[in-house]
Amino acid sequence: MKKIPILIAFLLGLSTFIMAQNSYSGTVYEENSSTPIPYAIVKVQNKNTGIVSNESGKFNLSNQGIEIGDSIIVTCLGYKPKFFSVSEWKNDLSIYMKPIPIQLSEAKISAIRGKEIKIGITNGGTKSLFIPLFTKKEYSNDKLIGREIGTIFNIEKNCTINGINIYIANNKYDSIKMRAIFYSVENGLPKDIIVNRDIIFSVSEKNGWVNIDISQHNIHFNEGQQIALTLMTLDETNKDQFFIFAKMVSKNSLLRRDNALGDWKKSKGGMSIYLSGFVN
């Protein structure tokens, strides 16, 4: 008869453990430092489940869809990724990331600048069409950090990219923070991050063309390469509108995912954004 109370106590304890582990929280820091790393990507390996840490490096990943045998990966551009077993996770975990030395020898640098080029839509698109980063109906949602919108580019010549140019239709933020991410493309969708530089910038302009200078990152692409460029929102308020002009084109080159590390969606059209640089 004593076995029944013991079994009940065990089940209650197990239930309490499962309910307690309803999220996976932590803070991301630089190695051997108390300096937090903002906007790290925390995801479940081989699943479209993840979150972006906030400006203080803190995150709280919901356990929805996470199983005991899964692994959690923490990545920061410019740092070596870290892997953790879900079964061994301890909440409020302090995670220390090791920087990856920048290998300038890997980049193709020429002392002679070639012809200047522009890749993408340079004429401003169509004034009646725009791509929303946020819309009014979403103002009450405060978990939109990590949303991405973007487009696909075909690289026709070996080149170095020194600028990202965006044609803003409407910006009601005083200043909105974003991250630019370059991906390889597979089956018309972004696959792997191909530029290991954390390109974070803020936009305060209300409309018109905005140039983001990325010359310090020494970004080079090759002839015949297909790439995707996305803009990830890092704004933690998500309470206002930000629209980019677009253009009707037949190609499925518009990219979007509404949740951090969620499934990609693609549609016809082109975003009014282009890359500027010079031929190598």
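Everything in this summary refers to the structure shown in the same document. (Residues numbered from 1 in each chain as written. Predicted model: local features only at pLDDT ≥ 70, side-chain atom pairs only at ≥ 80, totals over all residues. Heavy atoms only, no water.)

Before going further, it helps to examine the overall build of the chain. Check the secondary structure of the chain and you find one helix and 22 strands. Burial analysis of the chain (280 residues in total) assigns 44% to the buried set. Sequence-distant contacts in the chain: of pairs separated by 6 or more residues, those separated by 24 or more amount to 75%. With an accessible surface of roughly 15,200 Å², the chain has 52% of that area assigned to carbon and sulfur atoms. (Helix = DSSP H or I, 4+ residues; strand = E, 2+ residues; numbered from the N terminus. Buried < 20%, exposed > 50% of the residue type's maximum accessible area, 1.4 Å probe, protein only. Contact = heavy atoms within 4.5 Å. Areas by Shrake-Rupley, 256 points an atom, 1.4 Å probe, with all protein chains shown as cover.)

Our focus in this paragraph is the pairing of strand E4 (residues 58–62). Burial of E4 is one-sided: the residues Phe59 and Leu61 facing one way are buried, the residues Lys58, Asn60 and Ser62 facing the other way are not. In this structure, strand E1 (residues 23–30) lies alongside E4, joined through five bridges in antiparallel fashion. In the strand pairing of E4, Ser25 is matched with Asn60. (Pairing = 2+ DSSP bridges.)

Between side chains of opposite charge, a pair can form as their charged atoms come close. Summed over all chains, the structure comprises five salt bridges. A salt bridge links Glu55 to Lys177, with the shortest nitrogen-to-oxygen separation between them at 3.6 Å. Placement of Glu55 in the loop between strand E3 (50–52) and E4 and of Lys177 in strand E12 (residues 176–186) is noted, with a sequence separation of 122 residues between them. With relative accessibility at 47%, the residue Glu55 sits in the partly exposed group. For Lys177, a relative accessible area of 24% corresponds to the partly exposed category. (Salt bridge = Lys/Arg side-chain N within 4 Å of Asp/Glu carboxyl O.)

What follows deals with the packing of aromatic side chains. Applying the stated rule across the entire model yields nine aromatic pairs. Plain terms: the ring middles of Phe182 and Phe221 are 5.4 Å apart, the flat faces sit at 55 degrees to each other, and that makes the pair tilted. Taken together, the positions of Phe182 in strand E12 and Phe221 in strand E16 (residues 219–221) put the pair 39 residues apart, joining distant regions of the chain. A relative accessible area of 1% means that Phe182 is categorised as buried. (Phe/Tyr/Trp six-rings, centres within 6.5 Å; stacked < 30°, edge-to-face > 60°.)

So, on to the side chain of His217. Locating His217 in the fold gives a position in the loop between strand E15 (208–213) and E16. Of the polar contacts made by the side chain of His217, one reaches the side chain of Gln216; its length is 3.5 Å. With near-sequence residues (within four places) excluded, His217 lies in contact with Arg197, Asp198 and Ile199. (Polar contact = N/O pair within 3.5 Å; in protein donor to acceptor, adjacent residues only side chain to side chain.)

Here we take up the sheet that holds E1. An order of E4-E1-E7 is seen for the three strands of this open sheet, with the pairing classed as mixed. Of all the strands in the sheet, just E4 and strand E7 (93–97) have a single pairing partner and so form its edges. Each adjacent strand pair in this sheet contributes to an overall mean axis angle of 30 degrees, direction not counted. Both E1 and E7 contribute to a ladder of five bridges, which runs parallel. When the sheet's bridge partners are listed, Glu30 is paired in E7 with Met97. (Axes fitted to C-alpha atoms, helices over the stretch in contact; angles between N-to-C directions.)

On to the nonpolar core, then. Judged by nonpolar contacts, the single largest core of 36 residues is most densely connected at Ile164, Ile166, Phe182, Phe221 and Leu275. Judged by nonpolar contacts, the second largest core, of 17 residues, contains Val28, Leu61, Trp89 and Met97. (Core = buried A, V, L, I, M, F, W, Y, C linked by side-chain atoms within 4.5 Å.)

Bringing the environment of Asn22 into the picture now. Following the sequence through the fold, Asn22 ends up in the loop between helix H1 (3–20) and E1. Looking at Asn22, the relative accessible area reads 45%, which means it is partly exposed. For the pair Asn22 and Asn63, spaced 41 residues apart in sequence, the C-alpha to C-alpha distance is 5.3 Å. If we skip the residues at most four places from it in the chain, Asn22 touches Ser62 and Asn63.

A few words now on the side chain of Thr27. Inspection of the secondary structure puts Thr27 in strand E1. Residues contacting Thr27, with those up to four places away along its chain left out, are Ser56, Gly57, Lys58, Phe59, Leu93, Ser94 and Ile95.

All quantities given are derived from atomic positions and should not be read as evidence of function.
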